[in-house]
Every structure is written in structure tokens, then in C-alpha cells.
Amino acid sequence: MEKIQLAKQVAQKAGRLVTEKFNELHPVKAIDENGIHLEIDFQVEELIKSSILEEFPNHAFLGEENGHNHQQHNYQWIVDPIDGTSNYYFHNPYHCVSIALAEDNEVILGVIYEPYSGKTYWAEKDKGAYVDEKPLIYQPDKIKKIVMGGRTNEFRLKAMKEFVIAQKNYYYKMEMGSAALEIVNVAQGYVGLYLVKGIHLWDVAAANLILTELGGQVLGFDGQPWDGQSDSLLASVDEKLLEEVLAKIK
Ligand code: IPD
């Protein structure tokens, strides 16, 4: 099966499990510096991992919950079973399943399934970005809407205090709890810029490709292309806005 077809099918299958369990009370497995981990996160990751490795048993696999499968291969799947776990825990439907595939450390496909809308966002390197079977469209907004993301309240408050451009037509919001969906919103122009501290590759690997396929950029707080490892990034299609916010950060 084509890798992109597999990624879509698996993301949708995982999404059905996520939806099925949504109205239950969610047992917590752990709370650590990366946030909360629910039993359902582990179940969904296992479902994704077994479905992908059944098809490609030698591929490397990196998931948020169980880490790396210690397989050496030039293809590596990068998976966040539920991006927005904290929302899910509070029965807030802003969450998604995120699956990316990297070849020689470069992400070549990304799929995000959003259970709430039933939409599948996906992209392949140099082939554009899509929602279900339609091209995804970037529509710039006159209002510069900026989302201040971050794992800790301390960082979000610092961002709201220090990184704000106090001008008409700029509008701010604290993070909504799913980096992947927030970046998909940036790709569509619903959000002008998203910035976050406390991020991991599995949260954003798929979404970043969707954004860059629509002409967007993902930068570290140093203004360089995001290296996939640092815990902070800015994402936007609007170069001027990136420059303005970077000037505040530096
Ligand atoms: C989290 C979300 C959140 C971001 C955190 C991530 P998770 O992912 O994407 O928006 O601020 O840094 O860890 O834990 O729900 O997969």
C-alpha cells in the first residue's frame, strides 16, 4: 500500500477509537514535565504502531508515549496518538491524531485526523497540502491573529506581556491546546502566527509539513529554520509578522 494511503487509513482508524472513548472518564497513566498521559494515549499509539509495522515491519517508529522502537531504518514514523491530550482529558474536542513519516530525517508526509470535524488534513513533500480530497487553501486575514502557546502558564504569561505588538489589527489568544491543529489553522490563515515553547517533534512533524507546503515557515526563536529538536518555535505564512514577533523575542 502507498505510504500516504496507509497513514490516512491508520489515522482515521485511530481517530475512531479516540472518538469512541471520548465520553468516558479517562484513567491517567502519568503526569510529567511533558504534561498528562492517559491510558487512551497508549492504546491509540499501540494501534497506530501495530497497523504501520504490520505493513512495514522494518521501519523505525517514534511515538510520544513509548518512544523509539530502536529499529534503524531510513524511514521513521513520528506519531502523536492524541495531540491535545489535556483537552481530551477535559472533554474538549480540540484534539487530533498526528502521523508523519521522515525519510533520512526529512519529513516527507504528514496526516492529521481531527475527530471533531471528521476532517483529514494531509501533505506530501512538494505535492501540496489537502483537506480530505480538496487542496487546502491559505486565506490571509487583515487582522494579525497571534496564538501564544506554551506548556507552562508562566511562559504563556511572559509571551502575553513581552511579545505583544500593541497596534490596531493585532489580536491575541492563549494557546488552544493542540499544536498540530493550531499550525493547521496557521496554514489556512485562520491564525496569523503561532508561537510555542514546550514542544516535541511528534506534536508538530505532520502539521509543519502541511504549513510549509502552503508557503509557511517554521522557525526557532533564534530566527533559523526549526531544527526539530529545540522546544520552541514560531509558525506563520506571513514573513513580516514573523520578523516583527522575532524582534520582540530577541
Ligand atoms: C501538547 C499540545 C499543546 C502544546 C504542548 C504539547 P500533547 O501535546 O500540542 O498544545 O502546548 O507543548 O506537548 O501532550 O497533547 O500531545
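These numbers were taken from a predicted model, which means no experiment stands behind them.

Draft legend 1. Fine view of the environment of Glu213. You can see Glu213 is positioned in helix α6 (residues 201-213). Linking Glu213 and Ala123, residues 90 residues apart in sequence, is a C-alpha distance of 7.2 Å. Every residue in contact with Glu213, bar those within four places of it in the chain, is listed here: Ala123, Glu124, Lys125, Asp126, Lys127, Gly128 and Ala129. Within the structure, the side chain of Glu213 is placed 2.8 Å from the backbone nitrogen of Asp126, a separation counted as a polar contact. Of note is the side chain of Glu213, whose polar atom sits 3.2 Å from the backbone nitrogen of Lys127.

Draft legend 2. Fine view of the pairing of strand β5 (residues 75-83). Most of β5 is tucked away: nine of the nine residues are buried. Summarising the sheet, strand β3 (residues 60-63) and β5 pair through four bridges and their orientation is parallel. The residue bridging Gly63 from the neighbouring strand is Val79, located in β5. Strand direction decides the pairing type here: β5 and strand β6 (residues 96-103), joined by seven bridges, are antiparallel. Each bridged residue has a counterpart across the sheet, and for Gln76 the counterpart in β6 is Ala102.

Draft legend 3. Looking closely at the site of the ligand. If you check the shell around the ligand, you find 15 residues, and the closest are Asp83, Gly84, Arg151, Glu175 and Gly198. Here an oxygen atom of the ligand and a backbone polar atom of Gly177 are 3.3 Å apart. Ser178 is positioned such that a nitrogen or oxygen atom in its backbone is 3.3 Å from an oxygen atom of the ligand. When the ligand sits alone it has 380 Å² of accessible area, and the protein chains cover 95% of it. Among the elements that line the shell around the ligand, the one with the most residues is β5, at three residues. Tallied by class, the residues present in the shell around the ligand amount to four nonpolar, five polar and six charged.

Reading the values: the criteria
Residues numbered from 1 in each chain as written. Predicted model: local features only at pLDDT ≥ 70, side-chain atom pairs only at ≥ 80, totals over all residues. Heavy atoms only, no water. Helix = DSSP H or I, 4+ residues; strand = E, 2+ residues; numbered from the N terminus. Contact = heavy atoms within 4.5 Å. Polar contact = N/O pair within 3.5 Å; in protein donor to acceptor, adjacent residues only side chain to side chain. Buried < 20%, exposed > 50% of the residue type's maximum accessible area, 1.4 Å probe, protein only. Pairing = 2+ DSSP bridges. Near = heavy atom within 4 Å. Areas by Shrake-Rupley, 256 points an atom, 1.4 Å probe, with all protein chains shown as cover. Nonpolar A, V, L, I, M, F, W, Y, C, P; charged D, E, K, R; others polar.

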